[in-house]
Protein chains: 2
Amino acid sequence: MAQEEVQNGGAEKVAAVTFTAVKPQLTVEAPKAVDAVQFYKSAFGALEVGRTLHPKRKADQELPHILSAQLELAGSTILVSDIAENYTPVKAEGSGCVLCLETEDVEAAIAKAVSAGGVAEGEITEGDGACCGGRVGKVKDPYGYVWLICSPAKKCADVVA
Amino acid sequence: MAQEEVQNGGAEKVAAVTFTAVKPQLTVEAPKAVDAVQFYKSAFGALEVGRTLHPKRKADQELPHILSAQLELAGSTILVSDIAENYTPVKAEGSGCVLCLETEDVEAAIAKAVSAGGVAEGEITEGDGACCGGRVGKVKDPYGYVWLICSPAKKCADVVA
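These numbers were taken from a predicted model, which means no experiment stands behind them. (Residues numbered from 1 in each chain as written. Chains lettered and ligands numbered in written order. Predicted model: local features only at pLDDT ≥ 70, side-chain atom pairs only at ≥ 80, totals over all residues. Heavy atoms only, no water.)

Draft legend 1. Broad picture of the overall build of chain A. Broken down by element type, chain A carries four helices and nine strands. Tracing chain A from N to C terminus, the helices and strands come up as α-β-α-β-α-β-β-β-α-β-β-β-β. Out of the 161 residues belonging to chain A, those deemed buried represent 51%. Considering only contacts within chain A whose residues lie at least 6 apart along the sequence, 58% involve residues at least 24 apart. Total accessible area computed for chain A in this model is approximately 7000 Å², and 48% of it derives from carbon and sulfur atoms. (Helix = DSSP H or I, 4+ residues; strand = E, 2+ residues; numbered from the N terminus. Buried < 20%, exposed > 50% of the residue type's maximum accessible area, 1.4 Å probe, protein only. Contact = heavy atoms within 4.5 Å. Areas by Shrake-Rupley, 256 points an atom, 1.4 Å probe, with all protein chains shown as cover.)

Structure representation (structure tokens):
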């Protein structure tokens, strides 16, 4: 592979983008996320460091809808999220595993990914996104994988289970 | 959630297992891995730090079969692998994204995951595994995700693209 290909591909005109984290997000059918978190603790020794619940589901439901549980595993972070039709702004299609890429500049990151051949899906949403709140956009790559481009997680520390 | 649940679930009798890394592995239909790697470089600024090719495909094929390309992205490692019927010891079913968990004790890790409710699939294989060689076993969790339990990657540094 030629050295110059390593640099930037076809995206020379797009601003540089820095990513601060990549986190696999495992989506499970609601309300199984609470069980899945327990399984990953038991099976792999994962440590839950944060949990973001759907605000409208906190009060009136016995089993809360988990927007995102943050698990530490082998020095990395994985996310586990309940998926349900009415409560899920960003849903994986085809694959239940989504990759969350955190960056301060969501728009520039999406633009760069699109210029490289990805397809932006939907609008950038704010608030109760799948990645611990903040701003979230979605890009599907040419190989079928969905990447959530999101602003860095900040709210998880509020809700530690 | 009760504090004692955090500890070990139902796996008290199983040896402690330490994981050294968790790496999402994105599988793509062969021979598209080479293109996918280029896309992740262009779109997200990923840096390729290693590539393991199928040894039998190096000599006689124009496009090598990529068992595993290691990409560094936002401080984490992701793997990109060609999937083809004849050359793939461990294939994702349902989801194209697999999670590789590295540990020195593959057997104990699989036993612990199984005691927690996972299902071991196939035998532990050695050599040209999906995670840069070494020993690889496979556990499907109750939520459909496939985890490759593998010995730490060592051979990637040999083949830098």
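Next comes the rest of the account.
Draft legend 2. Region of the structure containing the environment of lysine 23 of chain A. Residue and element names in this part refer to chain A. One can find lysine 23 in strand S1 (residues 19-29). C-alpha of lysine 23 to C-alpha of threonine 77: the two residues are 54 residues apart in sequence and 5.7 Å apart in space. A polar atom in the side chain of lysine 23 sits 2.8 Å from the side chain of glutamate 102. (Polar contact = N/O pair within 3.5 Å; in protein donor to acceptor, adjacent residues only side chain to side chain.)

Draft legend 3. Looking closely at the interface of chain A and chain B. Opposite the 49 residues of chain A that make contact, chain B presents 49 residues. For the pairing of chain A and chain B, the buried interface totals around 4000 Å² over both sides, and the portion due to carbon and sulfur atoms is 70%. Considering only the surface of chain A that becomes buried against chain B, Phe44, Tyr143 and Tyr145 of chain A emerge as the three largest contributors, covering 17% of it. Across the contact surface, chain A and chain B share zero salt bridges. Across the contact surface, chain A and chain B share eight residue pairs in polar contact (both at pLDDT 80 or more). (Buried area = accessible area lost by both parts, 1.4 Å probe. Salt bridge = Lys/Arg side-chain N within 4 Å of Asp/Glu carboxyl O.)

Draft legend 4. Highlighting the pattern of salt bridges. Residue and element names in this part refer to chain A. If you walk through the whole model with that rule in mind, you get twelve salt bridges over all chains. Between lysine 41 and glutamate 48 there is a salt bridge, and its shortest N-O distance comes to 3.3 Å. Each of Lys41, Glu48 and Arg51 takes part in one network of salt bridges that share partners.

Draft legend 5. Representation of the packing of aromatic side chains in the model. Residues and elements named next belong to chain B. Inspection of every chain in the model, using the stated rule, returns 16 aromatic pairs over all chains. Ring geometry for phenylalanine 39 against tyrosine 40: centres 5.5 Å apart, planes inclined by 75 degrees, an arrangement best described as edge-to-face. An identical accessibility class is assigned to phenylalanine 39 and tyrosine 40; each is buried. Where tyrosine 40 meets phenylalanine 44, the ring centres are 6.3 Å apart and the plane angle is 10 degrees; that geometry is what we call stacked. With a gap of four residues between them, tyrosine 40 and phenylalanine 44 both fall in helix H2 (residues 33-44), about one helical turn apart. Using a relative accessible area of 0% as the deciding quantity, one classes tyrosine 40 as buried. (Phe/Tyr/Trp six-rings, centres within 6.5 Å; stacked < 30°, edge-to-face > 60°.)

Draft legend 6. View of the confidence of the model for chain A. Residues and elements named next belong to chain A. On average, residues of chain A score 79 in pLDDT, and 70% of them reach the 70 mark or higher. Averaged pLDDT values for the elements of chain A fall to 43 in helix H1 (residues 3-7) and rise to 96 in strand S6 (residues 119-120). Scored below 50 in pLDDT, residues 88-95 shows 21 contacts in the model against residues more than four places distant or in partner chains. Among the prediction metrics, the complex's ipTM stands at 0.78, with pTM recorded as 0.78. (pLDDT = per-residue confidence, 0-100.)

Draft legend 7. Broad picture of the relation of the copies chain A and chain B. After a rotation of 180 degrees and a shift along the axis of 0.0 Å, chain A superposes on chain B with an RMSD of 0.0 Å. In symmetry terms, the pair is related by a two-fold rotation axis. (Least-squares fit on C-alpha atoms with pLDDT ≥ 70 in both.)

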